[in-house]
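# Examining the three-dimensional arrangement
Residues per chain are reported as follows:
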Amino acid sequence: MRSLQNILVTGGAGFIGSDFIRALFAECSGFTGRVINLDKLTYAGNAENLSTVEKKFGGTRYFFVQADICDKKTADFLFSEYDIDTVVHFAAESHVDRSILGPEVFLRTNILGTFTLLQAAKNAWQKADGSIKDGVLFHHISTDEVYGSLGTEGSFKETTAYEPRSPYSASKASSDHFVKAYFYTYGLPVTLSNCSNNYGPFQFPEKLIPLMILNMLEGKKLPVYGDGKQIRDWIHVSDHNAAVRLILQSGKPGETYNIGGENEWENIELLHKLIEIVCDKAGLNRDTVIQTITHVTDRLGHDRRYAIDCTKIKKELNWKRQFDFETGLANTVDWYLKNKAWIDNVRSGEYRNWIEKNYTKR
Ligand code: NAD
Ligand code: DAU
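Our subject in this report is the structure included herewith. (Residues numbered from 1 in each chain as written. Chains lettered and ligands numbered in written order. Predicted model: local features only at pLDDT ≥ 70, side-chain atom pairs only at ≥ 80, totals over all residues. Heavy atoms only, no water.)

## Focus on the sheet that holds strand 4 (residues 86-89)
Taken in spatial order, the seven strands of this open sheet run 3-2-1-4-5-6-10, and their pairing is parallel. Across the chains shown, the open sheet's two edge strands, defined by having one partner strand only, are strand 3 (62-66) and strand 10 (256-259). Neighbour to neighbour, the strand axes of the sheet diverge by 20 degrees on average, direction disregarded. Note: strand 2 (residues 34-39) against strand 3, five bridges, orientation parallel. Opposite Asp-39, over in strand 3, you have Gln-66 as the bridge partner. Along the sheet, helix 3 (residues 72-82) contacts strand 1 (6-10), strand 2, strand 3 and strand 4; its crossing angle with strand 2, the most-contacted strand, is approximately 175 degrees. (Pairing = 2+ DSSP bridges. Helix = DSSP H or I, 4+ residues; strand = E, 2+ residues; numbered from the N terminus. Axes fitted to C-alpha atoms, helices over the stretch in contact; angles between N-to-C directions. Contact = heavy atoms within 4.5 Å.)

Next comes the structure, spelled out in structure tokens:
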């Protein structure tokens, strides 16, 4: 098993990246190394997501660097300054609707940003004569959306041909190809994972689950795209990141691992489930909330169904999900109910000032 020492995490202030870092520093994880979090803090980045880690480990084992992954100088500097042996690349523009409205930043961050990091990793790897020669150096976080849209049967395997259909998934597919190209061309030790829809605490309320929870609590309409019968395969963010940690420790360079929840729900079914939980916990009237469901114009090019076959990671790396959906959703609703200050900061935009107010200058 590969030991993790100096990990460069990109996009660590986002939803999945911050969960990854918090879990790594959790008492039982056994991790004794350092994390360098490279994040630009776009609208989706929230340094407050890492307040507990910053308080305990800031400046000793946790280092936050606010910069763009497209910035070559910063990337080269971080590899040499921190002796990076592992990269976990989460940073991306991640929201499909935004990619339809404004695709350009998706090309820049997701493709050019990934390329910039690959170049920096390759340069550092070629110079190094020590630990980073072996095992996984560069782990790329990707999505099931690169495989396209399924009919009623079947699921995406690692060997499924790519057929991205939104600007977001096209940019992620392109970055995946670059990562693989660096393996085949230069021998850079890379691994990739393609995961299905994540849910859990700290998710920015533009995504379906937190958006619906907050709209219910605020008495707003619940916008369902089209007929609402599109299907997504939901996985708890902690289960996703547990899989990522396994890949870092035992994954085989050059390999892709699909990660999924084996938990398919039509959007409209999921919404009804969520209404049940939220109404129960927040004391809202279920019939009144159901009346706020509003079918709106469908997303352009809306993929109908995603489903992941994760047999490979289960068999080869012994990965197992911990969360059943019922518990995971209930915990998620609890989190949003208990973290009003986080929600208020996100809603008001105050979360953007968190760094200035809370970080000591070093
Ligand atoms: P997110 O939008 O919550 O966070 C993205 C983070 O990246 C933010 O902190 C943002 O500030 C940072 N970032 C964006 N552009 C940057 C740039 N140019 N330079 C530096 N930092 C930048 O995203 P997420 O939902 O946490 O997703 C993380 C990764 O996981 C993405 O690569 C996404 O494609 C992938 N993914 C997400 C899901 C999901 O359901 N959310 C599922 C599968 C894969
Ligand atoms: O499948 C993995 C992908 O899951 C990740 O790669 C993306 O980064 C992540 O954003 C997510 O993409 P989706 O488009 O599936 O997630 P989103 O939460 O935006 O939407 C989930 C489903 O709900 C989708 O079918 C669109 C629908 N939807 C979404 C919103 C925000 C609605 O019906 N109404 C809404 O208001």
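## Digging into the pairing of strand 8 (residues 222-225)
Residues Leu-222 and Val-224 point to one face of strand 8 and are all buried, whereas Pro-223 and Tyr-225, pointing to the other face, are not buried. Relative to strand 12 (residues 293-296), strand 8 is paired through four bridges, and the arrangement is parallel. Residue pairing across strands places Leu-222 opposite Ile-293, the latter belonging to strand 12. (Buried < 20%, exposed > 50% of the residue type's maximum accessible area, 1.4 Å probe, protein only.)

## Points about the site of ligand 1
Lining the immediate environment of ligand 1, one finds 28 residues, of which Ile-16, Asp-39, Ser-94, Tyr-168 and Lys-172 sit closest. Contact distances for ligand 1 include 3.0 Å between a nitrogen atom and a backbone N or O atom of Lys-40. Contact distances for ligand 1 include 2.6 Å between an oxygen atom and a side-chain N or O atom of Tyr-168. When the free accessible area of ligand 1 is taken as 840 Å², the share hidden by the protein chains comes to 96%. Contributing elements (two or more residues each) for the shell around ligand 1: helix 1 (15-24), strand 5 (138-143), helix 6 (167-186) and strand 7 (197-199). At three residues, strand 5 tops the list of elements feeding residues into the shell around ligand 1. A breakdown of the residues in the shell around ligand 1 according to their chemical character gives 13 nonpolar, eleven polar and four charged. (Near = heavy atom within 4 Å. Polar contact = N/O pair within 3.5 Å; in protein donor to acceptor, adjacent residues only side chain to side chain. Areas by Shrake-Rupley, 256 points an atom, 1.4 Å probe, with all protein chains shown as cover. Nonpolar A, V, L, I, M, F, W, Y, C, P; charged D, E, K, R; others polar.)

## Concerning the layout of surface pockets
Regions of empty space are outlined by a rolling probe, equal in size to a water molecule, passed over the atoms. Volume-wise, the second largest pocket comes out at about 350 Å³. Around the second largest pocket, the lining comprises 21 residues; the ones closest to its centre are Leu-24, Ser-29, Gly-30, Arg-245 and Gln-249. Among the secondary structure elements, those contributing two or more residues to the lining of the second largest pocket are helix 1 and helix 8 (237-250). Tallying contributions element by element places helix 8 first for the lining of the second largest pocket, with five residues. Of the residues in the lining of the second largest pocket, the class split is ten nonpolar, eight polar and three charged. (1 Å grid on protein atoms, 1.4 Å probe; cavity = no way out; pocket = protein on both sides within 12 Å on 5 of 7 lines; lining within 4 Å. Points joined across faces, edges and corners; volume = space filled by probe spheres on them.)

## Structural notes on the packing of aromatic side chains
A complete count under the given rule lists 21 aromatic pairs for this structure. Measuring from ring centre to ring centre gives 5.2 Å for Phe-183 and Tyr-184, while their planes differ by 70 degrees; the resulting arrangement is edge-to-face. Under the relative-accessibility criterion, Tyr-184 is labelled exposed at 63%. With a centroid separation of 5.1 Å and an interplanar angle of 70 degrees, the aromatic rings of Trp-335 and Trp-342 are classed as edge-to-face. The same class applies to Trp-335 as to Trp-342, namely buried. Cluster of aromatic residues (ring-pair linked, three or more members): Phe-25, Phe-31, Phe-57 and Tyr-62. Over the ring of Phe-202 we find Arg-22; its NZ or CZ atom is 3.8 Å from the centre of that ring. Lying over the aromatic face of Tyr-43, Arg-98 brings its terminal NZ or CZ to 3.5 Å of the ring centre. (Phe/Tyr/Trp six-rings, centres within 6.5 Å; stacked < 30°, edge-to-face > 60°. Lys NZ or Arg CZ within 6 Å of the ring centre and 35° of its normal.)

## Structural notes on empty space enclosed by the protein
Taken as a whole and assessed by the stated rule, the structure comprises two cavities of 30 Å³ or more. Lining the largest cavity are Val-96, Ile-100, Glu-145, Ser-166, Arg-232, Arg-299, Leu-300, Gly-301, His-302, Asp-303 and Tyr-306. For the second largest cavity, the calculated volume is near 40 Å³. Every residue along the wall of the second largest cavity is listed here: Gly-14, Phe-15, Ala-44, Asn-46, Asn-49, Phe-202, Gln-203, Phe-204, Trp-342, Val-346 and Tyr-351.

The quantities given are spatial measurements derived from coordinates; they are silent on function.
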